[in-house]
Amino acid sequence: MIAVDGTSGSGKSSTSRRVADALGLAYLDTGSMYRAETWWMLSHGVDTSSEAAVAEKASLSRIEVGTDPLTPWILLDGDDVSEPIRTDEVNAHVSLVARVPAVRTRMVQMQREAIIGAPRGIVVEGRDIGSVVWPAADLKLYLTADPAARAARRTLEEGSADVAATEASLAARDAIDSTRATAPLVQADGAVTIDSTFLTLDAVVAQVLDLVAGLR
Ligand code: C5P
C-alpha cells in the first residue's frame, strides 16, 4: 500500500494514477470523496461555514468510488458527479466540510474498507493517508511544489486563464487543511518528500518507482 499526501495541486493525482497503473495496483482519490460530500452539502443548502450544520448532515450522503487508475469514477446518491466536484464552488467549500470530524470519521472508514478490499495493493492519495488512514503503509510520500508552479499547472489543467486566482484558491485550501484540529495535512512519520517544482511528471513517477523497487 502506497500513501501519497501533499499540498493542493502538487501533482498527487497524476503521479498516483501513473504509479498505480505501472505497478498494476488499484487507486483511490480520497479528495474526490470529500469533494462529493461537499457537493451534497451545497446541493442540500447546508451552510458549510457552520461545523455543527455540516456535522448534523454528515451521514446522509451515499458515496461510491471506483479504484481503477485509468478510469476513476465517483457516484453521489447514484449519480456521476465527476464534473460538479471540480467546480470553483466546490473548491471554495471543500476544506470547510473536510475539517468536520463527523465527516472525516465516515470517509476514513470507507477508505480503510477500500484498502482492505484491494488485495493486490493500492495507491491512496490525500492529506492524512500516511498519518491517519493507513500509518502502516509500505511507502509514504509527501508531494509538494512551489505555490506558483502548482498554480501554473492547475491553471493549465483546468483550461482557465487566471493563475493568480488559482494560486489564491490553492493557498486558501492549504491554509485550512494544514491548521485544522482533526487530521491536518502533515508530513507523516517516515514519509519521503518529493518537491516537484523543477521536475516533470515523468521524473516524479520514475523517482517513486525507484523507491518502490527499493522496498523489495
Ligand atoms: O485532493 P483534492 O485537492 O481533490 O482534495 C480536496 C480537499 O479535500 C482538500 O483540500 C482537503 O480539504 C480535503 N481532503 C482531506 N483529506 C484527504 C483528501 C482531501 O481533508 N485525505
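Residues numbered from 1 in each chain as written. Predicted model: local features only at pLDDT ≥ 70, side-chain atom pairs only at ≥ 80, totals over all residues. Heavy atoms only, no water.

Per an unreviewed UniProt entry, the protein is named Cytidylate kinase, and its organism is Nocardioides baekrokdamisoli. On record in UniProt, under Subcellular location (unreviewed entry), the comment for the protein is "Cytoplasm". (UniProt positions renumbered as here; feature names shortened; annotations may be inferred.)

## Observations concerning unusual backbone geometry
Of note, the phi angle at D77 is positive, near 50°, even though the residue is not glycine. Its location among the elements puts D77 in the loop between β4 (74-76) and β5 (79-80). (Helix = DSSP H or I, 4+ residues; strand = E, 2+ residues; numbered from the N terminus.)

## Re the packing of helix α1 (residues 12-23) against helix α9 (residues 201-215)
Any two packed helices are characterised by how steeply their axes cross, that is the angle between the axes, and by the distance between the axes. Taken N-terminus to C-terminus, the directions of α1 and α9 make an angle of 50°; their axes are 10 Å apart at the nearest point. By the angle class used here, α1 and α9 are oblique. In this structure, α1 meets α9 at a crossing whose hand is right-handed. Counted together, S14, T15, R18, V19, A22 and L23 of α1 and L201, D202, V204, V205, V208, L209 and V212 of α9 form the full contact between these two elements. When its residues are assigned to classes, the contact of α1 with α9 shows nine nonpolar, two polar and two charged. (Axes fitted to C-alpha atoms, helices over the stretch in contact; angles between N-to-C directions. Parallel < 35°, antiparallel > 145°, perpendicular 65-115°, else oblique. Left-handed = near helix turned anticlockwise from the far one by under 90°. Contact = heavy atoms within 4.5 Å. Nonpolar A, V, L, I, M, F, W, Y, C, P; charged D, E, K, R; others polar.)

## Regarding the sheet that holds strand β8 (residues 192-195)
Remark on secondary structure: sheet strands pair via backbone hydrogen bonds, oriented parallel or antiparallel. An order of β2-β6-β1-β7-β8 is seen for the five strands of this open sheet, with the pairing classed as parallel. Each edge of the open sheet is held by one strand with a lone partner, namely β2 (26-29) and β8. On average, each strand axis in the sheet is tilted by 20° relative to the strand beside it, whichever way the strands run. Where strand β1 (residues 2-6) lies against strand β7 (residues 139-144), five bridges are found, and the strand directions are parallel. Paired with V4 across the bridge in β7 is L141. (Pairing = 2+ DSSP bridges.)

## Examining the nonpolar core
Ranked by internal contacts, the top residues of the largest apolar core, which has 34 residues, are M1, V103 and I122. Elements that contribute at least two residues to this core include exactly β2, α2 (30-43), β4, α4 (88-98), α5 (101-116), β6 (122-126) and α6 (129-133). Here this core takes six residues from α2, the largest share from any one element. Ignoring anything within four residues of it in the chain, the contact list for M1 reads I115, I122, V124, I129, W134, A137, D138 and L139. Core analysis: the next-biggest nonpolar cluster, separate from the first, contains 15 residues, I2, V4, V123 and V205 among them. (Core = buried A, V, L, I, M, F, W, Y, C linked by side-chain atoms within 4.5 Å. Buried < 20%, exposed > 50% of the residue type's maximum accessible area, 1.4 Å probe, protein only.)

## Quick word on the site of the ligand
The environment of the ligand is formed by 16 residues, the closest being R35, R104, R173, D177 and R180. At a separation of 3.0 Å, a nitrogen atom of the ligand approaches a polar side-chain atom of T30. Separating an oxygen atom of the ligand from a side-chain N or O atom of R180 is a distance of 2.8 Å. Bound to the protein, the ligand loses 97% of the 450 Å² it would expose on its own. Counting residues per element, the ones that place at least two in the shell around the ligand are α2, α4 and α8 (163-179). It is α2 that contributes the most residues to the shell around the ligand, four residues altogether. Partitioning the shell around the ligand into residue classes produces four nonpolar, four polar and eight charged. (Near = heavy atom within 4 Å. Polar contact = N/O pair within 3.5 Å; in protein donor to acceptor, adjacent residues only side chain to side chain. Areas by Shrake-Rupley, 256 points an atom, 1.4 Å probe, with all protein chains shown as cover.)

## Here's the deal with the UniProt feature "domain: Cytidylate kinase" (unreviewed entry) in the protein
Per the UniProt entry, the sites bearing "domain: Cytidylate kinase" (unreviewed entry) are residues 2-212 in this numbering. Overall, residues 2-212 shows 50% helix and 15% strand. The separation of its end C-alpha atoms is 9 Å.

## A closer look at the pattern of salt bridges
Side-chain pairs of opposite charge can arise where the charged atoms are in close proximity. Scanning all chains against the criterion turns up 10 salt bridges. For R86, the salt bridge goes to D29, with nearest N and O atoms at 3.3 Å. Of this pair, R86 sits in the loop between β5 and α4 while D29 sits in strand β2, and the two are 57 residues apart along the sequence. For R86, a relative accessible area of 41% gives the class partly exposed. Residues R180 and D177 are paired through a salt bridge, measuring 3.5 Å at the closest nitrogen-oxygen approach. The exposure class assigned to D177 is buried, which follows from its relative accessible area of 4%. Put simply, R127, D177 and R180 are held in one network by salt bridges that share partners. (Salt bridge = Lys/Arg side-chain N within 4 Å of Asp/Glu carboxyl O.)

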